[in-house]
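Chain residues, written in single-letter form:
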Amino acid sequence: MPLVAHTDLPTFQRLQEEGEEILDPERARNQDIREMHIGLLNMMPDAALEATERQFFRLVGACNQIVQFHVHPFTVDGLKRSPEAQAHIDKYYEPFEKIKRDGLDALIISGANVTHPHLPEEDFWQPLTEVFFWAKENVTSILCSCLATHAVIQYCYGIERTRLPAKRWGVFPHKLTDRTHPLVAEINTRFDVPHSRFNEIFQSDMEHHGLKVLAVSKEAGVHLAVSPDGFRIVFFQGHPEYDAVSLLKEYKREVMRFYREEINDYPPFPENYFNATVQQIFSDYERQVRSARQTGQRLTEFPEALVLEHLDNTWGDTAKAVFNNWLGKIYQLTNQDRNLPFMDGVDPNNPLGL
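> What exactly am I supposed to notice about the pattern of salt bridges here?
One side chain can pair with another of opposite charge once the charged atoms of both are near each other. Tallied over the full model, the rule gives 21 salt bridges. Residue Glu-200 pairs with Arg-168 through a salt bridge whose shortest N-O separation is 2.8 Å. Of this pair, Glu-200 sits in strand β8 (residues 190-200) while Arg-168 is found in strand β7 (residues 162-176), placing the two residues 32 residues apart along the sequence. The closest approach of N and O atoms between Glu-262 and Arg-257, which form a salt bridge, is 3.6 Å. In this structure Glu-262 comes out as partly exposed when scored by relative accessible area, which is 46%. Residue classification places Arg-257 among the partly exposed residues on the basis of a relative accessible area of 27%.

Given below as structure tokens:
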């Protein structure tokens, strides 16, 4: 049910200011409620580091199980950090060695930026696979987001992602392909999910290797899939954790990159995200950006404040329902035997079904 502020991580204060219920440790200790410990391997770049904390913490905290949620953020080596981001990590994140010693009920692995054409070439590849290798033997279920989905699928099944002709960017409608799976119990059969990626793993490749696909978009491909055993690994290709303004922030970043001449092409609008009013505002602003870039004049402020009231979140309720189902199933499994974190019917010597 509530998140427990078991550290001084600023995300707890921020969420409390937004109206989320946050328990202080003393109050939590006086409640006769079971704890669940969830790791968040946050590999996102500096600009999105704390936003990613808030997004996943918010989804966990929205679950209605009668349980206290302790979320443990950590990261891995091989990710370039600014001094400010590194100071945040050093102060508030836990070492992986402590995570291993204390144990987890569940693990969330975020996306990351890449700098090489093949994932095993990334500096974070080896540290990431070490975390995953430990987690698959010691954690009830692992939820992978976007880049993490691509990395874990390649590591487990040898499927390398495919570069898309253009960035898959926007909010896309999806439909369930399996209405009986407990992960999608009682959610809408059609729902939206944001996507933001240059690469994809296709449904045919997933199914060829035994993965169970649960939700697909005609325009955006697979969003939700699970490992062959049905639960041990959950794969998101989209970003259901995104805030209503997340794609706006990405669009602003790309516009500023064009203005600074870091890219040559002006960014397109994220699909199915800006209504006609917002598109007109940003079309007018594009003319200002192009003029300022050409003449060297000072650029007027990005008109973010003018569009906020026009942005809708059409995916958040479904995301909360999926997380509620995921953590609810973990609660049931780990409550049966706190010393056996494996699903009934899954061979503990081969938990991934490989």
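> Which parts of the structure should I look at to understand helix α1 (residues 10-17)?
It helps to recall that an α-helix has 3.6 residues per turn; residues three or four apart then point in one direction. All of the buried residues along α1 are Thr-11, Phe-12 and Leu-15. Down the axis, α1 shows its buried residues gathered within 105° of arc, on one side only. Contacts from the buried residues of α1 go to β1 (3-4), β2 (22-23) and α3 (46-61).

> Teacher, can you tell me more about the packing of aromatic side chains here?
Geometrically, a pair of aromatic rings is defined through the distance of the ring centres and the angle of the planes. Tallying each qualifying case throughout the model produces 19 aromatic pairs. A centroid spacing of 6.4 Å and a plane angle of 55° characterise the contact between Tyr-251 and Phe-302, whose relative ring orientation is tilted. Placement of the pair is Tyr-251 in helix α9 (residues 246-259) and Phe-302 in the loop between α10 (276-295) and α11 (304-307), with a sequence separation of 51 residues. Neither Tyr-251 nor Phe-302 differs from the other in exposure class; each is buried. One aromatic cluster is present, built from ring pairs that chain together Trp-169, Tyr-251, Phe-269, Tyr-273, Phe-274, Phe-282, Tyr-285 and Phe-302.

> Honestly, the side chain of His-72 in this entry has me stumped. Any pointers?
Assignment of secondary structure puts His-72 in strand β4 (residues 68-74). Here the side chain of His-72 touches Glu-94 through a polar contact of 2.6 Å, side chain to side chain. Apart from the residues within four sequence positions on either side, His-72 is in contact with His-6, His-37, Ile-38, Gly-39, Leu-40, Glu-94, Ile-99 and Leu-104.

Conventions and cut-offs
- Note on numbering: residues in each chain are counted from 1, in written sequence order.
- Confidence filtering applies because this is a predicted model: local features only for residues at pLDDT of at least 70, side-chain atom pairs given and counted only at 80 or more, and all residues used for totals across whole chains, interfaces and linings.
- The basis for the side-chain values is all heavy atoms of the structure; hydrogens and waters are excluded.
- When a carboxyl oxygen of Asp or Glu lies within 4 Å of a side-chain nitrogen of Lys or Arg, that pair is called a salt bridge.
- Strands here mean DSSP runs of E at least two residues long; helices mean DSSP runs of H or I at least four residues long; both are numbered from the N terminus.
- Under the scheme applied here, a residue whose accessible area is under 20% of the maximum for its type counts as buried, over 50% as exposed, and between as partly exposed, the area being computed with a 1.4 Å probe on protein chains only.
- The directions from the helix axis to the C-beta atoms form the arc being described.
- Should any heavy atoms of two residues lie within 4.5 Å, those residues are counted as being in contact.
- A pair of aromatic rings is counted whenever rings of Phe, Tyr or Trp (Trp by its six-membered ring) have centres within 6.5 Å, and the orientation is called stacked for planes under 30 degrees apart, edge-to-face for over 60 and tilted otherwise.
- For the purposes of these results, a polar contact is taken to be a pair of N or O atoms within 3.5 Å, where, inside protein, one atom must be able to donate a hydrogen and its partner to accept one; residues adjacent in sequence count only when each atom of the pair is a side-chain atom.

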